[in-house]
Amino acid sequence: MKRTGIRAFFSIVLVFNLFLVRGQEAYGDGCFGLYPQIQNIGGRQTTSLDGSWKMFVDQYETGYYDYRRNPMPDGSTFFADRSFHSDRTVLVEYDFDTAGELEVPGDWNTQKPQLYLYEGTIWYRQKFDVTPKPGRRTFLYFGAANYEAVVGVNGHAVAKHLGGYTPFNIEVTDRIHEGSNAVIVKVDNKRMFEGVPTVNSDWWNYGGITRSVLLVDMPMTFVREYNIQLSKDRKRICGWVQLDGEQLSQKITLNIDELRIHKTVSTDSNGRAEFEFAAKPTLWSPANPKLYDVTVAAETDTVSDRIGFRTIETQGTKILLNGESIFCKGISIHEEMPYAPSGRAYSEEHARTLLGWAKELGCNFVRLAHYPHNEAMVRTAEEMGLMVWDEIPVYWTIQWDNPTTYMNAEHQLTDMIIRDRNRANVVIWSVSNETPRGPARLEFLRKLIAKARELDDTRLVSSAMEKSNIDATTLTVDDELMQYTDIISFNQYVGWYDGNSDKCDRVRWTFPVDKPVFITELGGGAKYGLHGDSNERFTEEYQDYLYKKNIGMLDRIDALAGVTPWILKDFRSPRRFLPGIQDDFNRKGLLSENGERKMAFFTYRNWHRAGLD
Ligand code: GCU
């Protein structure tokens, strides 16, 4: 066979071989080799692979494609980790042993100046010793990697994941051996038209293994997933447990000692058991973020979690938490470190600082924009009594007609819901932000909303839509998407993109349906420390005056049930060029990128929605 014929043959073998990987889940979005998500990874037996990883930049993806841009056979890719130094008779033009280093977790843009603007492929390698135990299974877990990650173990590519903000795990039981092993990851953060998000976004495209990597040691049959919720009438605890492995018929005991609950159920032949029993737990709320120690004990595995119980629903224009009307005084947050170097946030410490500022503002709610934040952020918010808006990055001009793009979005939505479904503080799933109206977009989002409700019918589902003008000062939201959402949630920028701040006094809002109104973005830019007249853009006075005028406008919206102004702190964006003012930062934060509080911070802090607190 000619050279290209052999290559084509090997490419087919490579792809087919990958589909043989145990537990292979094909999502129809180009991912392969992934295992269904193991929930509550913090409650498992894990070994961290975080720390310094070897790395080198591969702009032309020489380690993956041949000179004709065909995928190379496994043994020729960089996953083979061949070493020129050990055998100088072979042609090798790369070397991990003497390569540079990057810290994992962490974006590469803020770790090395030469990578600040880099968009492309970087290869990572980590070595680890392990002693495989008989009767145990081993998984490799990634909290996230942006944007596409191809993972190799001991010389072979075993999985591919798309999406920069959701966890993924790979079974490596049959791939690892006694002694030294190596995991090699090809991470590519190039923006793609067919991606989710697509090529245009107003946040920095931080690339890399941006969250923790863990080895997970599991029994042959384990508790992979569970759902433990309060019934909508708040009288019962109900849910289900899903086992994974060979021994699927087991007795499962759900223990909540503080409530003197010890309920035993039996799983069916698929490893699933459902339960429902009377209970009167103390309800989770921002004022009392009560969490219970819960254990799910199967015969072969036990997993513990901290779970809160509450209900969330709407009634007319009200949002009801535990049956009581609540006003969601919130703030939007990007997943960016609270201080220099302002890279991708990933730790509990980052979360506590960011969420501490939200609490200082008097918030009971945070909008985690525009993608699922790291799990520490959600769990820390739950402990601190902050409700959460959880969103997938279906942002702006997505390829609505591309079925692979839809499957990518649905995969990210599914993994967000699996990861966070037991977090009492997550009250809204959001399927998109500021997407242009049209039939293909409506169908795409309708399906995502239906999928969210299929996976979890206990929470509100919505999207950050856009306002429309009835006339110069009569504004509304008439997006046909509202027929599928539980609330009228939308972004509006009166005073910044829409007239000046005084326009707020002349605006009248009207809404075509009786649902809770939730303003998911408002605001304007200010450079911390820049002072001047309140009509001079980017002064603190301008931003403060804009907030004062917007607040006056909000107080005239009777159906207003929540607001999450844009945004807690200044964040990096490739769209913000003004030298000496923006310098690659979007300046709509109430705090600077160094945690300095601007004048508007105090104005928003001091605002208490009259009568709905
Ligand atoms: C939009 C968008 C944000 C963006 C903001 C801005 O509403 O949702 O992601 O950062 O406007 O322009 O600052």
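Residues numbered from 1 in each chain as written. Predicted model: local features only at pLDDT ≥ 70, side-chain atom pairs only at ≥ 80, totals over all residues. Heavy atoms only, no water.

Colleague: Is there a simple way to think about the pairing of strand S13 (residues 251–256) in this case?
Modeller: Regular strands place their side chains on alternate faces of the sheet. Here S13 runs beside strand S14 (residues 261–266); their pairing, made up of six bridges, is antiparallel. Residue pairing for S14: Leu254 is matched across the bridge by Lys263. In textbook terms, the turn of a hairpin is the stretch between consecutive antiparallel strands, and for S13 and S14 this stretch comprises four residues, one of which, Arg260, has a positive phi near 55 degrees. In the sheet, S13 pairs with strand S16 (residues 292–297) via three bridges, with the strands oriented antiparallel. What sits directly across from Leu254, in S16, is Val296. (Pairing = 2+ DSSP bridges. Helix = DSSP H or I, 4+ residues; strand = E, 2+ residues; numbered from the N terminus.)

Colleague: Which parts of the structure should I look at to understand the site of the ligand?
Modeller: Close contacts around the ligand come from 14 residues, with Asp202, His370, Glu434, Tyr497 and Glu521 the closest. Here an oxygen atom of the ligand and a side-chain polar atom of Asp202 are 2.6 Å apart. The fraction of the free accessible surface of the ligand (320 Å²) that becomes covered by protein chains is 96%. In the shell around the ligand, the residues fall into five nonpolar, four polar and five charged. (Near = heavy atom within 4 Å. Polar contact = N/O pair within 3.5 Å; in protein donor to acceptor, adjacent residues only side chain to side chain. Areas by Shrake-Rupley, 256 points an atom, 1.4 Å probe, with all protein chains shown as cover. Nonpolar A, V, L, I, M, F, W, Y, C, P; charged D, E, K, R; others polar.)

Colleague: In this structure, what is going on with empty space enclosed by the protein? I would like to understand it.
Modeller: Space left empty within the atom packing is revealed by a probe, the size of a water molecule, rolled over the atoms. What the rule picks out here adds up to four cavities of 30 Å³ or more. Estimated volume of the largest cavity: approximately 110 Å³. Around the largest cavity, the lining is made up of 13 residues, and of these Asn146, Arg191, Pro197, Thr198 and Asn205 lie nearest the centre. Quantified by volume, the second largest cavity comes out at close to 50 Å³. (1 Å grid on protein atoms, 1.4 Å probe; cavity = no way out; pocket = protein on both sides within 12 Å on 5 of 7 lines; lining within 4 Å. Points joined across faces, edges and corners; volume = space filled by probe spheres on them.)

Colleague: Whenever I open this one, the nonpolar core confuses me. Can you help?
Modeller: Nonpolar side chains tend to gather and get buried jointly when the protein is soluble and globular. Within the largest apolar cluster, 84 residues are counted, with the highest numbers of intra-cluster contacts made by Ile331, Leu355, Val366, Val394, Phe444, Leu448 and Phe490. In terms of domain composition, this core takes at least three residues from each of domain 1 (3–219) and domain 3 (313–609). Contacts of Val394, omitting those with residues within four sequence positions, involve Val196, Trp400, Ala409, Val431, Ser432, Asn433, Thr435, Phe444, Leu445 and Leu448. (Core = buried A, V, L, I, M, F, W, Y, C linked by side-chain atoms within 4.5 Å. Buried < 20%, exposed > 50% of the residue type's maximum accessible area, 1.4 Å probe, protein only. Domains from an automatic or database assignment. Contact = heavy atoms within 4.5 Å.)

Colleague: Whenever I open this one, the domain arrangement of the protein chain confuses me. Can you help?
Modeller: Many descriptions give the size of an interface as the accessible area lost when the pieces come together. Splitting the protein chain by domain gives domain 1 (3–219), domain 2 (233–310) and domain 3 (313–609). When each unit is reduced to the centre of its C-alpha atoms, the spacing between domain 1 and domain 3 is 33 Å. Across the boundary between the two partners, domain 1 contributes 36 residues, which contact 44 residues of domain 3. For the pairing of domain 1 and domain 3, the buried interface totals around 3,500 Å² over both sides, and the portion due to carbon and sulfur atoms is 56%. For the domain 1 face of the interface with domain 3, the top three residues by lost area are Val196, Asp202 and Trp203, together amounting to 21%. At the junction of domain 1 with domain 3, the criterion picks out two salt bridges. Run the count over domain 1 and domain 3 and you get 21 residue pairs in polar contact (both at pLDDT 80 or more). (Buried area = accessible area lost by both parts, 1.4 Å probe. Salt bridge = Lys/Arg side-chain N within 4 Å of Asp/Glu carboxyl O.)

Colleague: I would appreciate a short explanation of the side chain of Asn255 in the present structure.
Modeller: Within the element layout of this structure, Asn255 appears in strand S13. Reaching out from Asn255, the side chain makes a polar contact with the side chain of His262 at a distance of 2.8 Å. Apart from the residues lying within four places of it in its own chain, the contact partners of Asn255 are Ile261, His262, Asp293, Val294, Thr295 and Ala297.

Colleague: It is not clear to me how helix H4 (residues 403–420) should be interpreted in this structure. Could you clarify?
Modeller: An α-helical turn contains 3.6 residues, so a residue and the one three or four places further along point in the same direction. Counted at 1.5 Å a residue, the expected span for H4 with its 18 residues is 26 Å, and the 26 Å between its end C-alpha atoms agrees. Along H4, 15 of the 18 residues are buried, which leaves the element largely enclosed by surrounding structure. With a side-chain oxygen lying 2.8 Å from the backbone nitrogen of Thr404, the N-terminal cap of H4 falls on Asn402. (Expected span 1.5 Å × (residues − 1).)

Colleague: Can you walk me through the packing of aromatic side chains in this structure?
Modeller: Under the defined criterion, the tally for this structure stands at 37 aromatic pairs. Seen in terms of ring centroids, Trp53 and Tyr124 are 6.2 Å apart; in terms of plane orientation they differ by 80 degrees. Their pairing is edge-to-face. Of this pair, Trp53 sits in strand S2 (residues 51–57) while Tyr124 sits in strand S4 (residues 121–130), placing them 71 residues apart in sequence. Exposure class is identical for Trp53 and Tyr124. Each is buried. One aromatic cluster is present, built from ring pairs that chain together Phe56, Tyr64, Tyr65, Phe78, Phe79, Tyr94, Phe96 and Trp123. Seen from the ring of Tyr604, Lys329 lies directly overhead, with NZ or CZ sitting 4.9 Å from the centre. The ring of Trp496 carries Arg537 above its face, with NZ or CZ at 4.7 Å from the centroid. (Phe/Tyr/Trp six-rings, centres within 6.5 Å; stacked < 30°, edge-to-face > 60°. Lys NZ or Arg CZ within 6 Å of the ring centre and 35° of its normal.)

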